[in-house]
Amino acid sequence: VQAHRLCPPRGAGSSLEPEERSMEPPAVPEEEEEEEEEGAVPLSMAPGPVGCQLFGYVGIEAVLDQMKIKTMKTGFEFNIMVVGQSGLGKSTMVNTLFKSKVSRKSSQPGQEERIPKTVQLQSITHIIQEKGVKMKLTVTDTPGFGDQINNENCWDPIIKYINEQYERYLREEILITRKRKIPDTRVHGCVYFVPPTGHWLRPLDLEFMRRLSKIVNVVPVIAKADTLTLEERAEFKQRIQEDLKTHAISVYPQEDFDQDPEDRALNNRIREKIPFAVVGADQEHQVNGKRVLGRKTKWGIIEVENPAHCEFPLLQDLLIRSHLQDLKDITHNVHYESYRVQRLNESNRPG
């Protein structure tokens, strides 16, 4: 009855009474049927990609072995930046991450450490090899960040450096005769060290992450978390998460870039733990007959790789074991792509 009421009148002289209609589809004229048979297949009827059942071994899975062999021969690049005030353990944390002396201080022993008057970026490149896989690791340190009385615009040299690496890659990419493999110096991840105050994020922390999260993958961590009790650590993490949400700061892993439900579920668990409360140490100690990385105190040894003591294993898993390739992909497909579009629009602009 409702369907009849909604039917519009057929003409000006038609009756308002409902008209009887058949539920059968209307007949198609013979000419139209012939045209449909001779014409193309409608889109709704076009066959889609269908999985094909193999009746023998093809060898498609060997592609993975080919990719592995090629990667082991050529190696790959990974560029990481560490930002934070002096004394927060940035160099020690990098050495702990890669189980080697790769930090700026380790590469320049014996030099007197002085606080620079401005932010000075220093990059150190190493070749790390594990089980036949080579990685060209570049660690960029930012001595002088946040150490001055007036820290206004102290993030400008960092933003300039990151954009310079994008520009260098873009210039190589737009050449007529390009290299088969463009050297990649772009920063794939920026680890930001938050001082363990136990209160809230400082305006400097908020402004830095707000600006840098738009051009690079920022991973915040609470430095020297062993100075906080478990209760203070939990409250501090909750306040930081609230501050990030209030100021609309999107740190890595970003919700907008989750590809599928599995990635979203994994990244949601990671986002609940961010910022990671970490402790760094590059010295081994004897604990229950085993050699472990840790910090020796008067009350015992803080084991760096023990999840019950700190969240360093979560940071290591994120940066190296589970999301290293994703960091590189987002850098190339999102941050670098945004910079490339902006630069090309500027060059095409008249005048």
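Everything below is about the structure shown above.
Residues numbered from 1 in each chain as written. Predicted model: local features only at pLDDT ≥ 70, side-chain atom pairs only at ≥ 80, totals over all residues. Heavy atoms only, no water.

### Focus on empty space enclosed by the protein
Regions of empty space are outlined by a rolling probe, equal in size to a water molecule, passed over the atoms.
Working step 1: Taken as a whole, this structure holds one cavity of 30 Å³ or more when the rule is applied.
Working step 2: If you trace the largest cavity, you find it lined by Val-82, Lys-90, Ser-91, Val-94, Ser-103, Arg-104, Val-139 and Asp-141.
Working step 3: Elements represented by at least two residues in the lining of the largest cavity include exactly helix H4 (90–98) and strand E3 (133–141).
Working step 4: Per-element accounting of the lining of the largest cavity gives the leading share, three residues, to H4.
Working step 5: Taken together, the residues that form the lining of the largest cavity break down as three nonpolar, two polar and three charged. (1 Å grid on protein atoms, 1.4 Å probe; cavity = no way out; pocket = protein on both sides within 12 Å on 5 of 7 lines; lining within 4 Å. Points joined across faces, edges and corners; volume = space filled by probe spheres on them. Helix = DSSP H or I, 4+ residues; strand = E, 2+ residues; numbered from the N terminus. Nonpolar A, V, L, I, M, F, W, Y, C, P; charged D, E, K, R; others polar.)

### Describing the nonpolar core
Working step 1: Membership of the largest hydrophobic core comes to 74 residues, with the highest contact counts inside it found for Phe-208 and Leu-212.
Working step 2: In terms of residue count, helix H6 (residues 156–173) provides more of this core than any other element does, seven residues in total.
Working step 3: Apart from the residues within four sequence positions on either side, Leu-212 is in contact with Trp-155, Ile-158, Ile-159, Ile-162 and Val-218. (Core = buried A, V, L, I, M, F, W, Y, C linked by side-chain atoms within 4.5 Å. Buried < 20%, exposed > 50% of the residue type's maximum accessible area, 1.4 Å probe, protein only. Contact = heavy atoms within 4.5 Å.)

### Details of the packing of H6 against helix H7 (residues 203–212)
Working step 1: Contact geometry of H6 with H7 gives a least axis separation of 11 Å together with a crossing angle of 15 degrees. In terms of axis orientation, H6 runs roughly parallel to H7. Of the two possible hands of crossing, H6 and H7 adopt the one that is right-handed. Judged by residue contacts, Ile-158, Ile-159 and Ile-162 of H6 engage Phe-208, Arg-211 and Leu-212 from H7.
Working step 2: Its residues assigned to classes, the contact of H6 with H7 comprises five nonpolar, no polar and one charged. (Axes fitted to C-alpha atoms, helices over the stretch in contact; angles between N-to-C directions. Parallel < 35°, antiparallel > 145°, perpendicular 65-115°, else oblique. Left-handed = near helix turned anticlockwise from the far one by under 90°.)

### Some words on H6
Working step 1: The end-to-end C-alpha distance of H6 is 26 Å, a good match for the 26 Å that 18 residues give at a rise of 1.5 Å each.
Working step 2: Within H6, burial applies to Ile-158, Ile-159, Tyr-161, Ile-162, Gln-165, Tyr-166, Glu-167, Tyr-169 and Leu-170.
Working step 3: Each element contacted by the buried residues of H6 is listed here: strand E1 (76–83), strand E2 (122–130), E3, H7 and helix H11 (324–348). (Expected span 1.5 Å × (residues − 1).)

Distances and angles like these do not, on their own, reveal function.
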